[in-house]
Amino acid sequence: MGQLDGKIALVTGAGRSVGLGIAQELAEAGASVAVNDLHAERAQEAVDQIKSAGGRVIAAPFDVANLESVRAGIGRVERELGPVDILVNNAGIPEGVGPTGPFVESDPAQWHFNIDLNLYGSMYCIRTVLPGMAQRKWGRIIQISSGAGSRGVPNVSIYSAAKAGIEGLLRSVAIEMAQSGVTLNAIALGLMANTGERMGNSAYLQRIFSTIPMGRLGEPREIGACAVWLASEKAGYVTGQTIHVNGGSVHGR
Ligand SMILES: NC(=O)c1ccc[n+]([C@@H]2O[C@H](COP(=O)([O-])OP(=O)(O)OC[C@H]3O[C@@H](n4cnc5c(N)ncnc54)[C@H](O)[C@@H]3O)[C@@H](O)[C@H]2O)c1
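None of these values were measured; they are calculated from a predicted model.

What counts and how
- Residues numbered from 1 in each chain as written.
- Predicted model: local features only at pLDDT ≥ 70, side-chain atom pairs only at ≥ 80, totals over all residues.
- Heavy atoms only, no water.
- Phe/Tyr/Trp six-rings, centres within 6.5 Å; stacked < 30°, edge-to-face > 60°.
- Buried < 20%, exposed > 50% of the residue type's maximum accessible area, 1.4 Å probe, protein only.
- Helix = DSSP H or I, 4+ residues; strand = E, 2+ residues; numbered from the N terminus.
- Lys NZ or Arg CZ within 6 Å of the ring centre and 35° of its normal.
- Contact = heavy atoms within 4.5 Å.
- Pairing = 2+ DSSP bridges.
- Axes fitted to C-alpha atoms, helices over the stretch in contact; angles between N-to-C directions.

Asker: Would you mind showing me how to read the packing of aromatic side chains here?
Answerer: Centre distance and the angle of the planes are the two values used to describe a pair of aromatic rings. Going through the model one piece at a time under the given rule, you end up with two aromatic pairs. With a centroid separation of 5.2 Å and 20° between ring planes, the pair formed by Phe103 and Trp111 is classed as stacked. Note on Trp111: relative accessible area 29%, which makes it partly exposed. Ring centres of Tyr120 and Tyr124 lie 5.8 Å apart, and the angle between their planes is 50°; on these two criteria the pair is classed as tilted. Here Tyr120 and its partner Tyr124 are both found in helix 4 (residues 112–136), four residues apart, which amounts to about one turn of the helix. Given a relative accessible area of 40%, Tyr120 falls into the partly exposed group. One residue, Lys7, lies across the ring of Trp138, its end atom 3.9 Å from the ring centre.

Asker: What exactly am I supposed to notice about the environment of Ala9 here?
Answerer: Mapped onto the secondary structure, Ala9 falls in strand 1 (residues 8–11). Overall, the relative accessible area of 0% leaves Ala9 in the buried class. In this structure, the C-alpha to C-alpha distance between Ala9 and Val35, residues 26 residues apart in sequence, is 8.7 Å. Dropping the residues within four chain positions of it, Ala9 is found in contact with Leu26, Ala31, Ser32, Val33, Ala34 and Ile86.

Asker: Any chance you could explain the sheet that holds strand 3 (residues 57–59) here in plain terms?
Answerer: Strand pairs in the sheet, formed through backbone hydrogen bonds, run parallel or antiparallel to each other. Across the sheet, which stays open at both edges, the seven strands sit in the order 3-2-1-4-5-6-7 with parallel pairing between neighbours. Each edge of the sheet is formed by a strand with only one pairing partner; in this case those strands are strand 3 and strand 7 (242–245). For this sheet, the mean inter-axis angle between neighbouring strands, taken without regard to orientation, is 20°. Sheet topology places strand 4 (residues 86–89) next to strand 5 (residues 139–146); four bridges connect them, and they run parallel. Looking at strand 5, one finds that Ile86 is bridged to Arg140. Packing of helix 2 (residues 40–52) onto the sheet brings it into contact with strand 2 (32–35) and strand 3, and relative to strand 3 it is tilted by some 170°.

In structure tokens:
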């Protein structure tokens with residue numbers, strides 16, 4: 001019997017990488033999983049992969065950064081699978097938008113991409129599922145954040161601001177909901193395997209790489225395992241926290 005048998009989970013941006021690893025781990029723990037992604041075909045590929053491993057899973061393509069599509073998309077998930085018990089806000093890298101560069105040179109017209117997705121997108125999803133969770137007196141909100149939300153990282157200041165912002169929101173809402181049976185927590189990631197793929201063998205990557213005490217990048221399923229624990233009954237006394245899963249990287253450096 002799985003820890004999450006009978007639970008319904010929605011993972012945003014789960015068509016690949018970290019989100020896919022989270023969806024795989026939740027499905028293996030027994031949850032029925034809705035795989036959200038901006039790209040329907042990417043969501044479907046993830047669904048096929050999880051289904052072939054025996055999981056109960058559906059594709060739920062919609063744009064997390066648009067309130068109407070979030071409401072419609074979550075409505076479809078709830079009609080197909082049932083009410084969402086576990087929300088994992090993972091989508092957080094806006095497509096086609098690279099690092100904003102040094103803030104002093106950044107283009108204000110580009111700032112909204114990161115804020116829209118990481119802050120508003122996450123808030124739209126939380127706001128949509130929270131009333132139902134409170135009514136049913138059980139729910140788990142798991143926010144995927146980044147070490148950049150709590151320490152200085154050059155060239156990604158808008159992303160950092162958005163991640164710090166959503167962690168702040170979570171801490172406050174966790175207190176508001178503390179007696180409702182709903183917990184809200186964040187998992188702040190260090191550098192993951194796909195960063196290595198994205199950046200190639202750049203000097204910048206090598207420099208950050210050398211700051212990871214474990215000397216390696218994180219794997220998506222390691223984040224999924226943490227999400228399974230936070231979603232489980234066993235983590236019922238944990239709320240308003242940010243758990244850093246980063247190979248021992250030191251904050252504030
Ligand atoms: N990869 C890392 O090293 C790293 C480090 C720290 C934090 N994180 C965080 O982990 C999370 C996942 O990152 P990743 O590297 O796996 O990203 P990724 O880009 O590899 O995958 C994210 C998925 O999200 C989807 N997506 C993008 N915008 C969307 C939207 N508006 N609506 C729905 N889906 C959307 C994309 O289509 C993509 O399939 C993010 O929140 C990111 O900030 C990642």
